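Observations on the three-dimensional arrangement
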Amino acid sequence: MALSKRKRAEYFRYSQYTLLVVIALVIAFLADWEQIRTAFFNFKTMGEMFPNVITIALKNTLIYTALGFAFGLALGLVLALMKLSSIAPYRWIATIYIEFFRGIPALLVFIGLAFGVPLAFQIQFDIYSTVMLALGIVGAAYMAETIRAGIQAVPKGQVEAARSLGMSQGRAMITIVIPQAFRIILPPLTNELILLTKDSSLIYIIGLARDQYELTKFGRETLSRSPSLTPILVVGLCYLIITLPLGYLSRYLERRSGGKKVSVL
Amino acid sequence: MSEISVEITGLKKSFGSLDVLKGIDVTVNRGDVVCIIGPSGSGKSTLLRCVNLLEEPNDGKIVVNGVELTDHDVDIDRARTKIGMVFQSFNLFSHLNVLANLTVAQRKVLKRGEKEAQEIALRNLDRVGLKEKANSMPAQLSGGQQQRVAIARALSMDPDVMLFDEPTSALDPELVGDVLGVMRQLADEGMTMLVVTHEMQFAREVADKVIFMDGGYIVEEGPAAEVIGNPQEPRTQEFLARVLDPTHHGPSDPA
């Protein structure tokens with residue numbers, strides 16, 4: 001009495017659902033719900049975290065990310081232009097930079113700037129400079145490749161038209177090519193902004209004053225006073241307030257550009 | 001000013017080992033319309049692109065309005081402002097609206113003020129019949145409209161000579177007439193024009209001189225009525241027969 005292929009597939013699907021229900025029931029009976037509630041949803045801790053989690057931590061995360069993104073974008077544009085330069089040493093420098101900073105942990109860059117540079121050169125950056133430089137240096141390595149791909153995706157005819165109207169190479173680049181390139185790479189740049197938002201947490205390794213806390217540091221500090229997972233859940237949700245809309249924005253921009261894909265590598 | 005607008009002598013151009021232009025001499029008198037015809041791959045587009053140095057010639061001399069472009073010390077950007085170019089694929093700046101397409105080079109290159117640049121732009125848009133499209137984006141226009149805007153953009157620089165690289169080849173058939181109409185009007189106004197085209201009717205009616213190119217050489221040149229109406233060279237005859245009466249010919253000879 002062999003079952004048909006379709007019947008077998010149907011039974012297989014049922015058995016999977018059954019398995020899931022069984023597992024869910026076992027967990028529901030065995031779990032200590034009161035402990036889970038106090039661990040994740042300690043309302044007293046939540047109450048203590050507001051409003052500082054928004055007015056200080058979330059605000060600082062946004063500021064640090066914006067600083068790093070702005071510096072990274074500028075440096076990334078320079079690196080992209082170097083990578084496309086007709087002067088070979090510029091290309092080499094850009095390639096080495098990009099490969100180096102894409103290949104090492106961002107945390108290492110933060111440690112280097114926060115502790116290495118002061119010891120080696122007796123230069124002490126303030127918190128804003130540190131986070132801007134560290135995030136920017138790492139972000140630039142990724143954004144350079146994206147920007148380069150965007151510049152190369154601008155049709156050759158655009159440059160020819162610009163040059164035919166008497167624009168110099170540099171003028172055509174600034175006036176015609178780069179504005180169009182940024183339109184093309186808006187979706188991947190938005191993704192890069194999401195990554196930097198999360199990487200801004202790495203500043204936690206540095207000693208921060210209370211009003212300099214960003215989300216991760218804030219969550220960690222709250223944790224030490226209130227031993228539960230609640231602070232982590234709260235700051236995690238705060239990250240999502242930033243990253244989820246950016247993710248939707250990125251996908252929206254991608255759809256709007258007609259799914260024109262840019263190869264980044 | 002001399003009567004000669006464009007003078008090309010001994011022009012050679014190769015891409016790698018492929019010789020595309022093998023020694024070309026062309027003279028265009030001021031106010032003349034010269035049409036360049038020939039099969040694809042004959043080098044006619046390359047010749048045109050050499051006239052504003054979008055392609056760097058390997059050998060030969062190009063003089064436009066008394067300026068030798070092949071001189072290494074020439075300010076090519078400055079020279080190009082006097083040479084209008086119209087492309088097969090229009091190449092309007094896709095991030096700028098029509099008016100900005102016409103003003104951007106006036107402002108950045110010729111350093112004209114905003115008001116002056118806009119006045120000149122609107123006057124030229126009017127010439128091509130698209131004044132009401134000043135605030136449209138290129139993507140909102142039909143191919144024929146885009147090409148007319150491209151012509152107006154080139155005209156806004158007040159060029160001495162206009163180059164047209166197969167300006168109607170990318171257009172739907174019903175839109176070709178609008179663009180040719182604008183070009184004919186330009187010719188009537190006395191613009192010096194060098195036109196690479198497959199539109200034999202246009203060449204016959206508007207051109208002062210027709211040049212037939214094949215295999216990197218000029219095979220035949222002369223008044224339109226002679227080159228198109230009564231070609232002497234067998235290659236010209238063969239080409240024109242295919243173009244003018246395509247249904248009465250077999251597949252081309254692979255040789």
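Residues numbered from 1 in each chain as written. Chains lettered and ligands numbered in written order. Predicted model: local features only at pLDDT ≥ 70, side-chain atom pairs only at ≥ 80, totals over all residues. Heavy atoms only, no water.

**Describing the overall build of chain A**
Counting its regular elements, chain A contains 11 helices and 0 strands. Along chain A, from the amino end to the carboxyl end, the secondary structure elements read α-α-α-α-α-α-α-α-α-α-α. Reported as C-alpha extents along the three principal axes, the dimensions of chain A are approximately 75 × 70 × 30 Å. For chain A, the proportion of its 265 residues judged to be buried stands at 40%. Considering only intrachain contacts with a sequence separation of at least 6, the fraction spanning at least 24 residues in chain A is 76%. (Helix = DSSP H or I, 4+ residues; strand = E, 2+ residues; numbered from the N terminus. Buried < 20%, exposed > 50% of the residue type's maximum accessible area, 1.4 Å probe, protein only. Contact = heavy atoms within 4.5 Å.)

**Notes on the confidence of the model for chain B**
Put simply, chain B has an average pLDDT of 92, and 96% of its residues get 70 or more. With a pTM of 0.84, the predicted complex shows an ipTM of 0.92. (pLDDT = per-residue confidence, 0-100.)

**Notes on the sheet that holds strand S6 (residues 83–86) of chain B**
Note on sheets: strands pair through backbone hydrogen bonds, and any given pair is parallel or antiparallel. Residues and elements named next belong to chain B. Within the open sheet, the 6 strands sit side by side as S6-S7-S8-S3-S9-S10. Their pairing is mixed. What marks the edges here is a single partner per strand, and that holds for S6 and strand S10 (217–222). Pairs of neighbouring strands in the sheet enclose a mean axial angle of 15 degrees, with direction left out of account. Alignment of strand S3 (residues 33–37) against strand S8 (residues 192–196), held across 4 bridges, turns out to be parallel. Within the sheet, the bridge partner assigned to Val 34 lies in S8 and is Leu 194. Along the sheet, helix H1 (residues 44–51) makes contact with S3, S6, strand S7 (161–165), S8 and strand S9 (209–214), crossing S7 at roughly 150 degrees. In the packing of helix H6 (residues 173–188) onto the sheet, the strands contacted are S3, S7 and S8, and the crossing angle to S8 comes to about 145 degrees. (Pairing = 2+ DSSP bridges. Axes fitted to C-alpha atoms, helices over the stretch in contact; angles between N-to-C directions.)

**Points about the pattern of salt bridges**
For the structure on display, the rule yields 20 salt bridges over all chains. For Lys83(A), the salt bridge identified is with Glu145(A), shortest N-O distance 3.0 Å. One end of the pair, Lys83(A), is in helix H4 (residues 52–83); the other, Glu145(A), is in helix H7 (residues 127–153), and 62 residues separate them in sequence. Arg163(A) serves as the salt-bridge partner of Asp77(B), at 3.2 Å between the closest nitrogen and oxygen. Residue Asp77(B) is located in helix H2 (residues 76–80), and its partner Arg163(A) is located in helix H8 (residues 156–164); the two belong to separate chains. Owing to a relative accessible area of 17%, Asp77(B) belongs among the buried residues under this scheme. Given the relative accessible area of 17%, Arg163(A) is considered buried. A single network of salt bridges, built from pairs that share partners, joins Lys156(A), Glu160(A), Arg49(B) and Glu55(B). (Salt bridge = Lys/Arg side-chain N within 4 Å of Asp/Glu carboxyl O.)

**Things to note about the nonpolar core**
Ranked by size, the top nonpolar core spans 56 residues in total, and within it Val53(A), Tyr97(A), Ile203(A) and Leu215(A) carry the most contacts. Those elements that provide at least two residues to this core are helix H3 (43–49), H4, helix H5 (88–103), helix H6 (106–121), H7, helix H9 (169–199), helix H10 (215–225) and helix H11 (230–256) of chain A. Setting aside its immediate chain neighbours within four residues, Val53(A) contacts Leu58(A), Leu215(A), Phe218(A), Val234(A), Val235(A) and Cys238(A). Val128(B), Leu171(B), Val195(B) and Val206(B) belong to the second-largest nonpolar core, a separate cluster that totals 47 residues. (Core = buried A, V, L, I, M, F, W, Y, C linked by side-chain atoms within 4.5 Å.)

**Concerning unusual backbone geometry**
The step from Phe50(A) to Pro51(A) runs through a cis peptide bond, and the omega angle for that step is 0 degrees. Within the fold, Pro51(A) resides in the loop between H3 and H4. Backbone geometry at Gln122(A) places phi at a positive 55 degrees, although glycine is not the residue there. The topology assignment puts Gln122(A) in the loop between H6 and H7. The phi dihedral of Glu166(B) is positive, around 45 degrees, even though this residue is not glycine. Position of Glu166(B) among the secondary structure elements: in the loop between S7 and H6. Looking at Glu166(B), the relative accessible area reads 12%, which means it is buried.

**Remarks on the sheet that holds strand S5 (residues 67–68) of chain B**
Residues and elements named next belong to chain B. The antiparallel open sheet is built from 4 strands, whose spatial order is S2-S1-S4-S5. The open sheet has two edge strands with one neighbour each: strand S2 (18–29) and S5. Pairing geometry for strand S1 (residues 4–15) and strand S4 (residues 59–64), over 5 bridges, is antiparallel. Within the sheet, the bridge partner assigned to Glu 7 lies in S4 and is Val 63. Running over the sheet, H1 touches S1, S2 and S4 and is turned about 120 degrees from S1.

**Concerning the packing of H4(A) against H9(A)**
Residue and element names in this part refer to chain A. Viewed as axis vectors pointing N to C, H4 and H9 meet at an angle of 140 degrees, and their least axial separation amounts to 11 Å. Taken together, the axis directions place H4 and H9 in an arrangement best described as oblique. The crossing of H4 and H9 is right-handed. Only Met 173, Ile 178, Phe 182, Leu 189, Leu 193, Leu 196 and Thr 197 of H9 make contact with H4, whose side of the interface consists of Thr 61, Thr 65, Gly 68, Phe 69, Leu 73, Leu 77 and Leu 81. In the contact of H4 with H9, the residues fall into 10 nonpolar, 4 polar and no charged. (Parallel < 35°, antiparallel > 145°, perpendicular 65-115°, else oblique. Left-handed = near helix turned anticlockwise from the far one by under 90°. Nonpolar A, V, L, I, M, F, W, Y, C, P; charged D, E, K, R; others polar.)

**Things to note about a nonpolar patch on the surface**
Residue and element names in this part refer to chain A. Nonpolar side chains collect at one region of the surface, where Trp 33, Ile 36, Phe 40, Phe 41, Phe 43, Leu 223, Leu 229 and Ile 232 lie side by side and expose about 730 Å² of accessible area between them. Residue contributions to the nonpolar patch peak at 3 residues, all from helix H2 (residues 33–40). Relative to the helices and strands, Phe 41 is located in the loop between H2 and H3. (Patch = residues over 30% accessible without salt bridge, like charges linked within 9 Å, V, L, I, M, F, W, Y side chains within 5 Å. Areas by Shrake-Rupley, 256 points an atom, 1.4 Å probe, with all protein chains shown as cover.)

**A look at H9(A)**
Taking 1.5 Å as the rise per residue, H9(A) with 31 residues should run 45 Å; its terminal C-alpha atoms sit only 37 Å apart, a clear shortfall. At Leu186(A), H9(A) shows its largest bend, some 60 degrees, and a proline, Pro187(A), comes one to four positions later. (Expected span 1.5 Å × (residues − 1). Bend = angle between axes of the 7 residues up to and from the residue.)

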